[in-house]
Amino acid sequence: MKTQKEAVEELSLLLMYLTRFQDNNEFCRYMELAWKGYDFGALNQLEEQELIIQPRKSKYAYLTEKGKDYARELLRQYQLPDQEIYERFEFREIRPDEAEQAAEIERICFPPNEACSRKMMLERVERAPEQFLVAVDKQTGKIAGLLNGLCTDENSFRDEFFTDASLHNPDGKNIMLLGLDVLPEYRRQGLARELMYGYLRRERDKGRRMVLLTCLDSKVKMYKKMGFHDMGLANSAWGGCQWHEMNCVIGCGDS
């Protein structure tokens, strides 16, 4: 039996989760906010448990990934529905037995000159599974989309990150994103954006500083909408194409 205090805390977190909305600030669009119109004692307790973050002199609170995971567990306990995308997909790290799926999705989503090879994808899954975020269709149990990268203390992108997973430094403050893949039948449903935003929030909670990627000119606008900043042409010859380097600062740290 829960105490009245515990019930107020749980229900406050649930309501904040269900009524959360995207931050309009271009520098942190990936963050999710909720109004702080709840019991102050409950909010302070939720913050002590690292379930929310309360910026000073703000009417809003940020939900942490830990807080959202706990809220989803509460939804299951109370038998309440979640947002549609979370009802349909499970977002999590990749599993070792899904490496072949990831390689096949990469083959489908990118032309041969741009795609990561099967060998490289299997190596990434083996060396850095925690740097994958996959969206799994709950009906089929198959991966619908994924985002993957490697950690480093380097501050600019180089093509070797695509081909050498041994460059992964688990303690690195920056992340080089290597691929955002969504299968054709799952596109135009907000899945790519949710993968990116979920990834940025997760890595921010881990204390990362910056996320970098390269993209073709046709994708610059899309990544700008996700909060990335165009740094101009990249020092990259991957696939014989001309790329833009883009970054998104998600935390504080030494440059």
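These numbers come from a predicted model, not from an experiment.

What counts and what doesn't
What you see as residue numbers is a count from 1 along each chain, following the sequence as written. Restriction of local features to residues with pLDDT of at least 70 applies here, the model being predicted, together with a cutoff of 80 or more for giving and counting side-chain atom pairs; totals for whole chains, interfaces and linings are based on all residues. Excluding hydrogens and water, the side-chain values take into account all heavy atoms of the structure. Note on exposure labels: buried denotes an accessible area under 20% of the residue type's maximum, exposed denotes more than 50%, and partly exposed covers the range between, all computed with a 1.4 Å probe on protein chains only. Helix numbering and strand numbering both begin at the N terminus, where a helix is a DSSP run of H or I of at least 4 residues and a strand a DSSP run of E of at least 2. Pairing between two strands is assigned when DSSP locates at least 2 bridges connecting them. When the strands point away from the viewer and the connection leading from the first strand across the helix to the second strand turns clockwise, the crossover is called right-handed. Salt bridges are counted wherever a side-chain nitrogen of Lys or Arg sits within 4 Å of a carboxyl oxygen of Asp or Glu. Residues enter a nonpolar core if they are buried and are Ala, Val, Leu, Ile, Met, Phe, Trp, Tyr or Cys, with the set joined through side-chain atoms within 4.5 Å. By definition, residues are in contact when any of their heavy atoms lie within 4.5 Å.

## A look at the pairing of strand β9 (residues 210-215)
Right, on to step 1. Burial analysis of β9 places 6 of its 6 residues in the buried class, the great majority of the element.
Right, on to step 2. Every second residue of β9 is oriented toward a common face, with Met210, Leu212 and Thr214 on one face and Val211, Leu213 and Cys215 on the other, all of them buried.
Right, on to step 3. Relative to β9, strand β8 (residues 174-182) is paired through 3 bridges, and the arrangement is parallel. The residue bridging asparagine 174 from the neighbouring strand is methionine 210, located in β9.
Right, on to step 4. Between the parallel elements β8 and β9, the chain passes through helix α8 (residues 191-205) in a crossover that is right-handed.
Right, on to step 5. Here β9 pairs with strand β11 (residues 244-249) via 6 bridges, running antiparallel. Looking across to β11, one finds that leucine 213 is bridged to methionine 246.

## Topic: the pattern of salt bridges
Between side chains of opposite charge, a pair can form when the charged atoms approach closely.
Right, on to step 1. Per the stated rule, a full pass over the model turns up 21 salt bridges.
Right, on to step 2. Where glutamate 203 meets arginine 202, a salt bridge forms, and the shortest distance between an N and an O atom there is 2.8 Å. The pair formed by glutamate 203 and arginine 202 is uniform in burial state, with each residue classed as buried.
Right, on to step 3. In this structure, a network of salt bridges that share partners links the residues Arg20, Glu32, Glu65, Lys68, Glu194 and Arg201.

## Notes on the nonpolar core
Right, on to step 1. Core analysis: the largest hydrophobic core is formed by 77 residues, its most contacted members being Phe91, Leu177, Leu191, Met196, Tyr223 and Phe228.
Right, on to step 2. Other than its neighbours up to four places away in sequence, leucine 191 contacts Ile85, Phe89, Phe91, Ala135, Ala144, Gly145, Val182 and Tyr186.

## As for the environment of glycine 240
Right, on to step 1. Summarising the element assignment, glycine 240 is placed in the loop between β10 (229-233) and β11.
Right, on to step 2. Glycine 240 gets classed as exposed once you look at its relative accessible area, which sits at 72%.

## Let's talk about helix α6 (residues 118-127)
Right, on to step 1. All of the buried residues along α6 are Met120, Met121, Glu123, Arg124 and Val125.
Right, on to step 2. Looking at the buried residues of α6, the elements they touch are α5 (99-109), β6 (132-137), β7 (143-152), α7 (160-163) and β8.

## Observations regarding the sheet that holds strand β3 (residues 52-53)
Right, on to step 1. Here 4 strands make up an open sheet; going across it, the order is β1-β2-β4-β3 and the pairing antiparallel. This sheet does not close on itself; its edge strands, each paired only once, are β1 (21-22) and β3.
Right, on to step 2. With 2 bridges joining them, β1 and strand β2 (residues 32-35) adopt antiparallel strand pairing. Pairing of phenylalanine 21 across the sheet is with leucine 33, part of β2.

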